[in-house]
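Okay, here's what each chain looks like letter by letter:
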Amino acid sequence: MNVLVINCGSSSLKYQLFNMKDESVLAKGLVERIGIEGSKLTHEGPTGGKEKIEVPMKDHKEALGHVLEAITHAEYGAIQSLDEINAIGHRVVHAGEKFSGSVVITDAVMAALEECIELAPLHNPPNIMGVSAMQELLPGVPNVGVFDTAFHQTMPQSSYVYALPYEYYERDHVRRYGFHGTSHRYVSQRTAEILDKNIEDLKIITCHLGNGASLAAIDGGKSIDTSMGFTPLEGLVMGTRCGDIDPQIVTYIMGKEDLTLDEMNNIMNKKSGVLGISGVSSDFRDIEDAAKEGNERAVLALDIYHLNVRKYIAAYASVLGGVDAIVFTAGLGENGIDSRKEICKNLEFMGAVLDPEKNKVRGKETVVSTDDSRVKIMVVPTNEELMIARDTLELVK
Ligand code: AMP
């Protein structure tokens, strides 16, 4: 059984073709600049070589047409015919309160996802376009939706209702949804496997620290709290997003600087975070370099970031009533040796002791706490695509 996993953004898309017999990746790639001059498909087939296909691709359907050609190409393809694609798994960002798990996409599901567009106006439309395109390109092949929000649907009301007039929740669906759910789910399941424990017996804090960043408190395999909220702007300080701030700042700056809603949204989403504080970059490698050269704002950005993650970890320990494992994943979580060290400083009081030698690791599944640390500190690289492929297989087999 081969499963094609697709993740459509507004002007780009990523894909991976899995052979689910052994979960091996047969082909993968990326299309950039869809609908913009200079469209480009970079495809990696079974030999590992990279093919670049540069032809105009006016929309997602055209782009996916080229992806299917590349996958079945005589020279660099991975399969001989499209009949060998048995199912398609799609990453879909927002399913509101409609789905608490992955689903086979039907007309009714599509209608439900359309209704969620107002909750994720930037993300859901390209995700939905990807599904429609595949329905047209490969009619008869089942499509499955795997939602970023679904894993967090197990949160209790006390974690997801905001202290606003209750009618905004009831009428306008304003509540914490949480994101990165597929990553938190994969990483927590993998953690249980690595520790050789039943996930039902574990209390895990997963730290997805990438360009976007969120933490989840996972009790017995279920998310009971997470740091992103109604949108992916809440919670941790991120690459370019401000995370938690005093909400009154928004109206104050808008009034003082005479800003429109779009301008303010742009500042909070694109110009803030460690980029905004440091003025250097949103990439932690650049900020670490600048900090080493003595750039004080770069040092401050890192200090604020590390303190912020540490505060959330301690808060979630109380939400869970104890912790068995703190797990780092995504770009910075998997690779940021210094960041993990700084974040874990001061966590010794709750029994989490980092081993500085074991911590010198990048992108590898491993335990980085000391042998006698009561709480395991771990690095577990995320694999959202594999999680999507597994869900897809499970639903269509
Ligand atoms: P992601 O969104 O998961 O791709 O993560 C991207 C983030 O990971 C960027 O901010 C990078 O700075 C960070 N990152 C990737 N590799 C490293 C590294 N070796 N050291 C520090 N940060 C890294």
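Everything discussed here concerns the structure shown above.
Just so it is clear, the model here is predicted, and its values are computed rather than measured.

(A) Expanded view of the pattern of salt bridges. Counted according to the given criterion, the structure contains 18 salt bridges. A salt bridge links Lys98 to Glu115; its shortest N-O distance comes to 2.8 Å. Of this pair, Lys98 sits in the loop between strand E6 (87-92) and strand E7 (103-104) while Glu115 sits in helix H2 (residues 107-115); the two residues are 17 residues apart in sequence, bridging distant segments of the chain. On the basis of relative accessibility, which here comes to 38%, the residue Lys98 falls in the partly exposed class. In this structure, the salt-bridge partner of Arg185 is Asp391, at a minimum N-O distance of 2.6 Å. Placement of Arg185 in helix H6 (residues 181-195) and of Asp391 in helix H14 (residues 384-396) is noted, with a sequence separation of 206 residues between them. Each member of the pair Arg185 and Asp391 is classed as buried. A cluster of three or more residues bridged by salt bridges with shared partners is formed by Arg176, Asp225 and Glu234.

(B) Structural detail: the sheet that holds strand E10 (residues 213-219). If you walk across this open sheet you meet the six strands as E11-E10-E9-E12-E14-E13, and the pairing is mixed. Strands at the two margins of the open sheet, each flanked by one partner only, are strand E11 (222-226) and strand E13 (366-367). In this sheet, E11 lies alongside E10 in antiparallel orientation, the contact comprising four bridges. Directly across from Ala217, in E11, lies its bridge partner Asp225. Packed onto the sheet, H6 meets strand E9 (203-209), E10, E11, strand E12 (325-329) and strand E14 (376-379) and runs at close to 130 degrees relative to E9. Of the strands in this sheet, E9, E10, E11 and E12 touch helix H11 (residues 296-320), which is tilted by about 15 degrees from E10.

(C) Examining the site of the ligand more closely. In the neighbourhood of the ligand, the contacting residues comprise Gly210, Asn211, Ser282, Asp283, Phe284, Arg285, Ala330, Gly331, Leu332, Asn335 and Arg362. Residue Asp283 places a side-chain N or O atom 2.6 Å away from an oxygen atom belonging to the ligand. When the ligand sits alone it has 500 Å² of accessible area, and the protein chains cover 74% of it. Going through the elements one at a time, helix H10 (284-292) and helix H12 (330-335) are the ones with two or more residues in the shell around the ligand.

How each quantity is defined
Residues numbered from 1 in each chain as written. Predicted model: local features only at pLDDT ≥ 70, side-chain atom pairs only at ≥ 80, totals over all residues. Heavy atoms only, no water. Salt bridge = Lys/Arg side-chain N within 4 Å of Asp/Glu carboxyl O. Helix = DSSP H or I, 4+ residues; strand = E, 2+ residues; numbered from the N terminus. Buried < 20%, exposed > 50% of the residue type's maximum accessible area, 1.4 Å probe, protein only. Pairing = 2+ DSSP bridges. Contact = heavy atoms within 4.5 Å. Axes fitted to C-alpha atoms, helices over the stretch in contact; angles between N-to-C directions. Near = heavy atom within 4 Å. Polar contact = N/O pair within 3.5 Å; in protein donor to acceptor, adjacent residues only side chain to side chain. Areas by Shrake-Rupley, 256 points an atom, 1.4 Å probe, with all protein chains shown as cover.

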